[in-house]
Amino acid sequence: MTNDDLMTIRQMCDTFEVTPRTLRFYESKELLAPKREGQKRLFTRRDRARLKLILRGKRFGFSLEEIRQLLDLYEIGDDQETQLTQARAIAQNRLEDLKARRVDLEEAIADLEEQIAWGEETLQKLRRNPAA
């Protein structure tokens, strides 16, 4: 492995727009395993690929445990078939959850808009007919 294959924590932060704390957190959860040179962390191509998957999984709302399971499946060596099958199943469930939340949000927005309209109407009536 050449030094070109390795990235420092600062380079990782700049590349992936994360904080050093985030990288250390993922390392503490054993999702990343950078090489060590004294106190210095050096991230490999494998770490970069894993971080990309972690960030994508978080964006889609996967739990860290779901992400860990998917990353662990990569090690099976079946050309990622198991990993992709499991990722698809988790993603399908997440999509259903997001769609349900969207419906709930749309209903809440409609209710709130009705309440605001009612409040504005009531205020206008009060201003036109102040109590004597």
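Residues numbered from 1 in each chain as written. Predicted model: local features only at pLDDT ≥ 70, side-chain atom pairs only at ≥ 80, totals over all residues. Heavy atoms only, no water.

### What to know about the confidence of the model for the protein
Of all residues in the protein, 93% attain a pLDDT of 70 or more, and the chain-wide mean is 89. The secondary structure element of the protein with the lowest average pLDDT is helix H4 (residues 64-73), at 86, and the one with the highest is helix H1 (residues 9-16), at 96. (pLDDT = per-residue confidence, 0-100. Helix = DSSP H or I, 4+ residues; strand = E, 2+ residues; numbered from the N terminus.)

### Here's the deal with the UniProt feature "domain: HTH merR-type" (unreviewed entry) in the protein
UniProt records the feature "domain: HTH merR-type" (unreviewed entry) for residues 6-73 in the present numbering. Annotated as 62% helix and 13% strand, the span residues 6-73 places its first and last C-alpha atoms 24 Å apart. (UniProt positions renumbered as here; feature names shortened; annotations may be inferred.)

### A word on the sheet that holds strand E1 (residues 7-8)
With antiparallel pairing, the 3 strands of this open sheet are ordered in space as E1-E3-E2. Bordering the open sheet on either side are E1 and strand E2 (35-37), each of which pairs with just one other strand. Pairing geometry for E1 and strand E3 (residues 40-43), over 2 bridges, is antiparallel. Bridge assignment links Thr8 to a residue of E3, and that residue is Leu42. (Pairing = 2+ DSSP bridges.)

### Topic: the domain arrangement of the protein
Each domain of the protein was delimited in the assignment, giving domain 1 (1-62) and domain 2 (76-132). For domain 1 and domain 2, the distance between their C-alpha centres works out to 33 Å. With 4 residues of domain 1 at the contact, the number on the domain 2 side is 6 residues. Between domain 1 and domain 2 lies a buried interface of about 290 Å² when both sides are counted; carbon and sulfur atoms form 69% of it. Joining domain 1 to domain 2, the criterion identifies 0 salt bridges. (Domains from an automatic or database assignment. Contact = heavy atoms within 4.5 Å. Buried area = accessible area lost by both parts, 1.4 Å probe. Salt bridge = Lys/Arg side-chain N within 4 Å of Asp/Glu carboxyl O.)

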